Amino acid sequence: MIRRKWPAAGVGVLLAALTAGLAFPSAAVAGEPTGQDAPQVDLVLDVSGSMRTRDIDGQSRMAAAKQAFNEVLDATPEEVELGIRTLGANYPGDDKKEGCKDTAQLYPVGPLDRTEAKTAVATLNPTGWTPIGPALLKAAGDFKDGNGSKRIVLISDGEDTCAPLDPCEVAREIAAKGIGLTIDTLGLVPNAKLSRQLSCIAEATGGTYTSVQHQDELTDRVNELVDRAAEPVVTPVATEGAASCAKAPTLESGLYTDREEFGQQRWYRVDVLPGQELRASVSVAADRAVNPDYGVLLRAVTVHNREIVRGEAAGTGRTDVLSTGLRYPKPERDDNDDDGDKPAAETVCLAVTNSFSPGSGVKTTPGLPLELTIDVVEGPDGSSDVASFGLGRGWWLLGTLVLAGFLAGLVWGWLSRWRFAVWRTS
């Protein structure tokens, strides 16, 4: 069990995460957006029989969804390629095998013809089953190849009816392919079971779950997700850590994704020149049920296995993501060491360890999603730039606050004594 060290470890983790996030933008690093391909969005709509229910602002769920879709189609940015897929729209019968095949591409992912897309949506009528798992599998194949962002927005009013094909497992398989596909989910019913399933689907791919009960909420949320797809994003680069530093991949500054088995240790290498600082952070997502009491440890060690610095975090409940980070400034060489040759880089080994354990009956494969941020920057110029007790330049603010508090206390004490003296004399 990896335990948290308070308060220094907590402050250090926060500092590392902040500094890595603030300093990350740099030119020509792995994982930068290229802007070459258009973002793609696939709206996946539940058209099962339950969508006839009239409980959204006095109209049926289907009518609210259609109205929301029309407004979303009008507002879709020109650069976004959008498609629409349905589930449960065509088969009205009782044969589960047939009902679980009922998913179709209503409008292909590509340049948007708003009139044609609206006409297709207008033809929909609530019909059959709720094959969420099969629909997600098909939707993952709706996208064209490219390095632009890919996003599925799933809208449903009920949980999947096609077990044993678990939609959560389908989402994990999609995430494990490393195609950078995010699934966001929206639930039209405040139902605990539906919420758990849609949350699980979203978490598996780094997406979001939202419960909506009004038509304007649905419109606003789908619009927000479509707009988000058009924003510049950093696409993580898939990598594969090794069981030892000697066999580990050498990484440059960038954002990387990997999979780590329960209780496993993964190794990566980073070259750091004299005068540079390594800033690294790692996040491990618990995308399935795990036992309480767990932790994540990130260590920087030399090639001779001497620990340089570490960052760690711990949790005691169901936590979606656990993150930690570290900083390692490598000093400049002494002038006496300057022989005119280019200074040699030091190979720093980064080890990521987790102490998650699966809940009863939970599959252990694929491994847990891991996201690693590496940033190698110019080292601090002076002592004022170096973190002190995890606060860095925050000491200036802390000192100012202490001085202000001291002066305020003196003034308040003087006023209190003056008021007391006035009261005595009167």
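Residues numbered from 1 in each chain as written. Predicted model: local features only at pLDDT ≥ 70, side-chain atom pairs only at ≥ 80, totals over all residues. Heavy atoms only, no water.

Draft legend 1. The pairing of strand β10 (residues 254–260), seen in detail. β10 sits mainly inside the fold: six of its seven residues count as buried. Sheet topology note: the strand β9 (residues 237–238)/β10 ladder contains two bridges and is parallel. Bridge pairing in β10 places Ala238 opposite Thr257. Here β10 pairs with strand β17 (residues 368–378) via seven bridges, running antiparallel. The residue bridging Thr257 from the neighbouring strand is Glu371, located in β17. (Buried < 20%, exposed > 50% of the residue type's maximum accessible area, 1.4 Å probe, protein only. Helix = DSSP H or I, 4+ residues; strand = E, 2+ residues; numbered from the N terminus. Pairing = 2+ DSSP bridges.)

Draft legend 2. Focus on a nonpolar patch on the surface. A cluster of nonpolar side chains, contributed by Val411, Trp412, Trp414, Leu415 and Trp418, occupies part of the molecular surface with about 620 Å² of accessible area. Relative to the helices and strands, Leu415 is located in helix α9 (residues 394–425). On the accessibility criterion, Leu415 (33% relative accessible area) is partly exposed. (Patch = residues over 30% accessible without salt bridge, like charges linked within 9 Å, V, L, I, M, F, W, Y side chains within 5 Å. Areas by Shrake-Rupley, 256 points an atom, 1.4 Å probe, with all protein chains shown as cover. Salt bridge = Lys/Arg side-chain N within 4 Å of Asp/Glu carboxyl O.)

Draft legend 3. Spotlight on a negative patch on the surface. Judged by side-chain charge, Asp57, Glu71, Asp216, Glu217 and Asp220 come together as a negatively charged surface patch. The element contributing the most residues to the negative patch is helix α8 (residues 215–230), with three residues. Locating Glu217 in the fold gives a position in helix α8. For Glu217, a relative accessible area of 34% corresponds to the partly exposed category. (Lys, Arg positive; Asp, Glu negative; His and termini not counted. Charge placed at Lys NZ, Arg CZ, Asp CG, Glu CD.)

Draft legend 4. Main features of the side chain of Glu81. With respect to the helices and strands, Glu81 occurs in strand β4 (residues 81–87). Here Glu81 falls in the buried class, since its relative accessible area comes to 14%. Only 2.7 Å separates the side chain of Glu81 from the side chain of Lys144, close enough to count as a polar contact. (Polar contact = N/O pair within 3.5 Å; in protein donor to acceptor, adjacent residues only side chain to side chain.)

Draft legend 5. Main features of the state of the cysteines. Inspection of every chain in the model, using the stated rule, returns three disulfides. A disulfide bridge connects Cys168 with Cys200, and the sulfur atoms are separated by 2.3 Å. You can see Cys168 sitting in helix α6 (residues 167–176) and its partner Cys200 sitting in helix α7 (residues 192–204), a full 32 residues away along the chain. Assigned by exposure class, Cys168 and Cys200 land together as buried. When the bonded cysteines of the protein are counted from the start of the sequence, the pairing works out to 1-2, 3-4, 5-6. (Disulfide = S-S within 2.5 Å.)

Draft legend 6. Spotlight on α7. When the terminal C-alpha atoms of α7 are compared, their 18 Å separation across 13 residues agrees well with the 18 Å that a helix rising 1.5 Å per residue should span. For α7, the complete set of buried residues consists of Leu194, Gln197, Leu198, Ser199, Cys200, Ile201, Ala202 and Ala204. The elements touched by buried residues of α7 are α5 (132–139), β6 (150–156), α6, β7 (181–187), β8 (209–211) and β10. Here α7 starts with a cap whose side-chain oxygen sits 2.9 Å from the backbone nitrogen of Lys193, and that cap is Asn191. Trailing α7 by a residue or two, Gly206 shows a phi angle of about 80°, which is positive. (Expected span 1.5 Å × (residues − 1). Contact = heavy atoms within 4.5 Å.)

Draft legend 7. Inspection of the sheet that holds strand β15 (residues 321–329) at higher detail. A sheet is described by the order of its strands in space; here five strands give the open sequence β9-β10-β17-β12-β15, paired in mixed fashion. Since the sheet does not close on itself, it has two edges, and those belong to β9 and β15, each with one partner. Sheet analysis places strand β12 (residues 276–285) next to β17, joined by nine bridges and oriented antiparallel. The residue of β17 that forms the bridge with Val284 is Leu370.

Draft legend 8. Local environment of the packing of α5 against α6. In the contact formed by α5 and α6, the axes pass within 8 Å of each other and the chain directions differ by 15°. With respect to their mutual orientation, α5 and α6 come out roughly parallel. Seen from above, α5 lies across α6 with right-handed handedness. On α6, the residues that touch Ile132, Gly133, Leu136 and Leu137 of α5 are Pro167, Val170 and Ile174. Grouping the amino acids of the contact of α5 with α6 by side-chain chemistry returns six nonpolar, one polar and no charged. (Axes fitted to C-alpha atoms, helices over the stretch in contact; angles between N-to-C directions. Parallel < 35°, antiparallel > 145°, perpendicular 65-115°, else oblique. Left-handed = near helix turned anticlockwise from the far one by under 90°. Nonpolar A, V, L, I, M, F, W, Y, C, P; charged D, E, K, R; others polar.)

Draft legend 9. Representation of helix α4 (residues 114–122). Residues Ala117, Ala120 and Val121 constitute the buried set of α4. Down the axis, α4 shows its buried residues gathered within 100° of arc, on one side only. Turned more than 90 degrees from where α4 packs its buried face, Thr115 and Ala122 sit exposed. Elements that come into contact with the buried residues of α4 comprise α2 (61–75), β4 and β5 (103–110). The residue sitting at the N-terminus of α4 and contributing the capping side-chain oxygen is Asp113; that oxygen lies 3.2 Å from the backbone nitrogen of Thr115. (Arc of directions from axis to C-beta.)

Draft legend 10. Fine view of the nonpolar core. Formed by 31 residues in total, the largest nonpolar core has its most connected members in Leu43, Leu45, Ile155, Leu186, Leu218, Val222 and Val226. Counting only elements with at least two residues in this core, the list comes to β1 (40–46), α2, β4, α4, β6 and α8. Residues contacting Ile155, with those up to four places away along its chain left out, are Val44, Leu45, Asp46, Phe69, Leu186, Leu188, Leu218 and Val222. Tyr268, Leu326, Phe356 and Ile374 belong to the second-largest nonpolar core, a separate cluster that totals 28 residues. (Core = buried A, V, L, I, M, F, W, Y, C linked by side-chain atoms within 4.5 Å.)

Draft legend 11. Quick peek at the confidence of the model for the protein. Summing up the model confidence of the protein, the mean pLDDT is 82 and the portion of residues at 70 or higher is 81%. Counted against residues more than four places away or in other chains, residues 1–28, with its pLDDT under 50, gives 44 contacts. Low pLDDT (under 50) marks residues 383–394, which in the prediction has 16 contacts with non-local residues, meaning those over four places away or in another chain. (pLDDT = per-residue confidence, 0-100.)

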